[in-house]
Amino acid sequence: MAISKEQQVQINDEIRDSEVRVIGTDGAQLGIMSSQAALDLAAEAELDLVKIAPQAQPPVCKIMDYGKYRFEQQKKEKEAKKNQRVVEIKEIRLSLNIDTHDFETKLGHARRFLNDGNKVKASIRFRGREMGHPEHGLEIMRRFSEALSEIANVEKPAKLEGRNMLMFLAAKPVVTTKQDKNKEDHPNA
């Protein structure tokens, strides 16, 4: 069971250290003092004493409104979650006797998946006597990766695992130049 950050933060009477370094509401250093004196200062200002750096020697405490501090922390966490992107692995199934048009269609799907920021798992299932010719599967995988080479890197090369041959592709990182960045910032310029 992981302890959340809110449970780790000590406030007011929970601070048991004999000496603490105190920071005022404006960010000014008030110096090292006993935790009781720091609590008195916080009570005088009608605010909370919050331990913000428990690992420091002596621990650092700040006089602030704890409710507002918690709200700001939750807001930051929510913003960080919003900016996260989950990368999915999309599978494209190929076969040894795939026709040209079908191959092009599968390439189109893979391009779309890669442009959306997902990874692509290309697979070929060998049936019956096809197991005797894994080189044909390697050739199809090579063609597939070469066709996508301008937008994708081979993360794991084609490898035969049982009756399946698998290969993983990931989108190449997008490198924005200074000009591109200026165009994004000033679209009418």
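Structural data are supplied above this passage.
What you see is a predicted model; the values in this text were computed from it and never measured.

About the cut-offs
- Residues numbered from 1 in each chain as written.
- Predicted model: local features only at pLDDT ≥ 70, side-chain atom pairs only at ≥ 80, totals over all residues.
- Heavy atoms only, no water.
- Helix = DSSP H or I, 4+ residues; strand = E, 2+ residues; numbered from the N terminus.
- Buried < 20%, exposed > 50% of the residue type's maximum accessible area, 1.4 Å probe, protein only.
- Contact = heavy atoms within 4.5 Å.
- Areas by Shrake-Rupley, 256 points an atom, 1.4 Å probe, with all protein chains shown as cover.
- Pairing = 2+ DSSP bridges.
- Axes fitted to C-alpha atoms, helices over the stretch in contact; angles between N-to-C directions.

Caption draft 1: Here's a closer look at the overall build of the protein. In terms of regular secondary structure, the protein is built from six helices and eight strands. Sequence-ordered secondary structure for the protein, helices as α and strands as β, is α-β-β-α-β-β-α-β-α-β-α-β-β-α. Out of the 189 residues belonging to the protein, those deemed buried represent 28%. Put simply, 54% of the contacts in the protein that link residues at least 6 apart link residues at least 24 apart. By element, 49% of the accessible surface of the protein is carried by carbon and sulfur atoms, the whole surface being about 13400 Å².

Caption draft 2: Quick look at the pairing of strand E5 (residues 89-94). As defined by bridge partners, E5 adjoins strand E6 (residues 119-125) across six bridges and the pair is classed as parallel. Residue pairing for E6: Lys90 is matched across the bridge by Val120.

Caption draft 3: Expanded view of the sheet that holds strand E2 (residues 29-34). Taken together, four strands build an open sheet; the order of strands is E2-E1-E4-E3 and the sheet is mixed. Pairing within the sheet leaves two strands with one partner each, and these edge strands are E2 and strand E3 (48-53). On average, adjacent strands in this sheet sit at an angle of 35° to one another, irrespective of strand direction. Looking at chain direction, E3 and strand E4 (residues 60-64) are connected through five bridges and run antiparallel. Within the sheet, the bridge partner assigned to Asp48 lies in E4 and is Met64. Running at roughly 130° to E2, helix H2 (residues 35-44) makes contact with strand E1 (19-23), E2, E3 and E4 of the sheet.

Caption draft 4: Just the sheet that holds strand E7 (residues 152-161), in detail. Read from one edge to the other, the open sheet built from four strands follows the order E5-E6-E8-E7, with strand pairing classed as mixed. Here the strands that pair on one side only, and so sit at the sheet edges, are E5 and E7. If you compare each strand with its neighbour and ignore which way they point, the axes differ by 20° on average. Bridge count between E7 and strand E8 (residues 164-171): seven bridges; the pairing is antiparallel. Directly across from Leu160, in E8, lies its bridge partner Met165. Along the sheet, helix H4 (residues 100-115) makes contact with E5, E6, E7 and E8, crossing E5 at roughly 170°. Sheet contacts for helix H5 (residues 134-147): E5, E6, E7 and E8; angle to E8, the most-contacted strand, approximately 10°.

Caption draft 5: Highlighting unusual backbone geometry. The omega torsion across Gln57 and Pro58 is -15°, close enough to zero to call that bond cis. As for its placement among the helices and strands, Pro58 is situated in the loop between E3 and E4. Positive phi, close to 55°, is recorded for Glu46, a residue that is not glycine.

By themselves these figures say nothing about function.
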